[in-house]
Amino acid sequence: MTSHDRFEVSQHFDAALAERYERRIRMFCPSYDALHEMIGALFSRLPKDASILSAGAGTGAEVIRLGMRSPSWRFVAADISPDMLHVCRERVEGQRMSGRVEYFHGRLRDYCPPLPFDAATSIFVSHFILSREERMAHFQAIADSLKPGGLLVFGDLYGDRHSVNFAHLLASWLDGYAAHGVLEMELNKDREHIEHDIAFIPESELLDLLERSGFSRPIRFYQTFLFGAWVGYKL
Ligand SMILES: C[S@@+](CC[C@H](N)C(=O)[O-])C[C@H]1O[C@@H](n2cnc3c(N)ncnc32)[C@H](O)[C@@H]1O
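Heads up: these notes are all about the structure in this document. Being a predicted model, the structure only gives us computed values, none of them experimental.

**Digging into the environment of isoleucine 25**
Point 1. Mapping isoleucine 25 onto the fold places it in helix 2 (residues 15–28).
Point 2. Contacts of isoleucine 25, omitting those with residues within four sequence positions, involve Tyr32 and Phe124.

**Quick notes on the site of the ligand**
Point 1. Among the 21 residues in the neighbourhood of the ligand, the closest are listed as Tyr21, Tyr32, Gly56, Asp79 and Ile123.
Point 2. At a separation of 2.9 Å, a nitrogen atom of the ligand approaches a polar backbone atom of glycine 56.
Point 3. The contact in question runs from a nitrogen atom of the ligand to an N or O atom on the backbone of isoleucine 123, over 3.0 Å.
Point 4. Alone, the ligand offers 600 Å² of accessible surface; in the complex the protein occludes 97% of this.
Point 5. When atom positions are compared with the pocket grids, the ligand is found to occupy the largest pocket.
Point 6. For the shell around the ligand, the secondary-structure elements that each account for two or more residues are helix 3 (32–42) and helix 4 (61–69).
Point 7. Across the shell around the ligand, the residue classes tally to 13 nonpolar, five polar and three charged.

**Here's the deal with the packing of helix 2 against helix 8 (residues 184–197)**
Each pair of packed helices gets described by two things: the angle between the helix axes and the distance between those axes.
Point 1. At a minimum axis separation of 14 Å, helix 2 and helix 8 run at an interaxial angle of 80°. As judged from the angle between their axes, helix 2 and helix 8 are roughly perpendicular. Contact residues: helix 2 offers Arg20, Arg24 and Phe28, while helix 8 offers Glu186, Asp190 and Ile194.
Point 2. Residue composition of the contact of helix 2 with helix 8, grouped by class: two nonpolar, no polar and four charged.

**Thoughts on the sheet that holds strand 4 (residues 117–123)**
Point 1. Spatially, 3-2-1-4-5-7-6 is the arrangement adopted by the seven strands of the open sheet, whose pairing is mixed. At either margin of the open sheet sits one strand with a lone partner, and together these are strand 3 (101–105) and strand 6 (219–224). Going from strand to strand, the sheet's axes swing by 15° on average, the running direction of each strand aside.
Point 2. Packing against the sheet, helix 5 (residues 82–94) makes contact with strand 2 (74–79) and strand 3, and its axis sits at approximately 175° to strand 3.

**Things to note about helix 5**
Point 1. For helix 5, which comprises 13 residues, the first-to-last C-alpha distance of 18 Å matches the rise-based estimate of 18 Å (1.5 Å per residue) to within 8%.
Point 2. Those residues of helix 5 that fall on the buried side of the exposure criterion are Met84, Leu85, Val87, Cys88 and Val92. Looking straight down helix 5, one finds that the buried residues subtend no more than 160° of arc, so they occupy a single side.
Point 3. Contacts from the buried residues of helix 5 go to helix 2, helix 4, strand 2 and strand 3.
Point 4. Phi for arginine 96, located one or two positions after helix 5, is positive at around 55°.

**Looking at the layout of surface pockets**
Point 1. The volume enclosed by the largest pocket comes to roughly 830 Å³.
Point 2. Every residue lining the largest pocket is counted, 45 residues in all, and those nearest its centre are Val9, Phe13, Phe124, Val125 and Phe128.
Point 3. Taken together, the elements giving at least two residues each to the lining of the largest pocket come down to helix 1 (9–12), helix 2, helix 3, helix 4, strand 2, helix 6 (132–145) and helix 8.
Point 4. Residue contributions to the lining of the largest pocket peak at five residues, all from helix 2.
Point 5. Tallied by class, the residues present in the lining of the largest pocket amount to 27 nonpolar, eleven polar and seven charged.

**Quick notes on the packing of aromatic side chains**
Point 1. Under the defined criterion, the tally for this structure stands at twelve aromatic pairs.
Point 2. An angle of 0° between the planes, with centres 4.5 Å apart, marks the rings of phenylalanine 28 and tyrosine 177 as stacked. With phenylalanine 28 in helix 2 and tyrosine 177 in helix 7 (residues 164–178), this residue pair connects regions lying 149 residues apart in the sequence.
Point 3. We classify phenylalanine 28 as buried; its relative accessible area is 9%.
Point 4. The class of tyrosine 177 is buried, set by a relative accessible area of 1%.
Point 5. Seen in terms of ring centroids, tryptophan 173 and phenylalanine 227 are 5.3 Å apart; in terms of plane orientation they differ by 75°. Their pairing is edge-to-face. Taken together, the residues tryptophan 173 in helix 7 and phenylalanine 227 in strand 7 (residues 227–233) connect sequence positions 54 residues apart.
Point 6. Its relative accessible area of 3% is what places phenylalanine 227 among the buried residues.
Point 7. Members of the aromatic cluster, connected to one another through ring pairs, are Phe28, Phe124, Trp173, Tyr177 and Phe227.
Point 8. Geometry around tyrosine 103 places arginine 89 over its ring, the cationic atom sitting 4.1 Å from the centre.

Each value, and the rule that gives it
Residues numbered from 1 in each chain as written. Predicted model: local features only at pLDDT ≥ 70, side-chain atom pairs only at ≥ 80, totals over all residues. Heavy atoms only, no water. Helix = DSSP H or I, 4+ residues; strand = E, 2+ residues; numbered from the N terminus. Contact = heavy atoms within 4.5 Å. Near = heavy atom within 4 Å. Polar contact = N/O pair within 3.5 Å; in protein donor to acceptor, adjacent residues only side chain to side chain. Areas by Shrake-Rupley, 256 points an atom, 1.4 Å probe, with all protein chains shown as cover. 1 Å grid on protein atoms, 1.4 Å probe; cavity = no way out; pocket = protein on both sides within 12 Å on 5 of 7 lines; lining within 4 Å. Sits in = over half its atoms within 2 Å of the grid points. Nonpolar A, V, L, I, M, F, W, Y, C, P; charged D, E, K, R; others polar. Axes fitted to C-alpha atoms, helices over the stretch in contact; angles between N-to-C directions. Parallel < 35°, antiparallel > 145°, perpendicular 65-115°, else oblique. Pairing = 2+ DSSP bridges. Expected span 1.5 Å × (residues − 1). Buried < 20%, exposed > 50% of the residue type's maximum accessible area, 1.4 Å probe, protein only. Arc of directions from axis to C-beta. Points joined across faces, edges and corners; volume = space filled by probe spheres on them. Phe/Tyr/Trp six-rings, centres within 6.5 Å; stacked < 30°, edge-to-face > 60°. Lys NZ or Arg CZ within 6 Å of the ring centre and 35° of its normal.

Quick look at the structure:
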């Protein structure tokens, strides 16, 4: 059995990757900062006392960007990786935001918020959930934790692996990544990771899954190679 047969997301996002994540994600996704800026704009009409769930918070991109934008918003940073949450906590402390951020280590389906949230993010998370049932459980748990009408912004790698467009975008994406001087060995490892560990599904199937999880049909507002991001509302 190879390591790919046993891909475990919390082990993938270990201490070594958590330390490198901030640099690596910007090589992988060249418009990463633009996406997070757009999320700020999508959330700009939330109330002053809004509470926001960051599902798959990682090293804290959403929490920190949104927290800097609006000093009275409060957050829960939830993640399955203790190492990513550790870096998130350090960064939150560095921004003097500790008083407004709580943490949950684990899967969303095991999280019971004391009060429903005004909004949630799930950025570059659900494509790691290989089973459709578990992926739906992730989005259902987010829906269950939101107020009616609550806003969800989610981003994922997506697409139909068998289409010509997919092959074209994948090749250009990896060419752009390689241009950062990534070593051949690392490039091959990343190619294999994308091949085996990412649950690409066509947009229509992804949006059906969101609707079945309790959201309005989401609207795509962002696209970079195979990364997409959408906004929807809890029904
Ligand atoms: C690519 S990072 C994205 C982090 C952050 N949202 C961002 O935009 O940079 C994916 C994160 O999702 C977390 N994750 C993956 N599956 C998860 C799940 N089922 N529940 C909670 N977190 C999960 C990983 O541990 C990792 O920290």
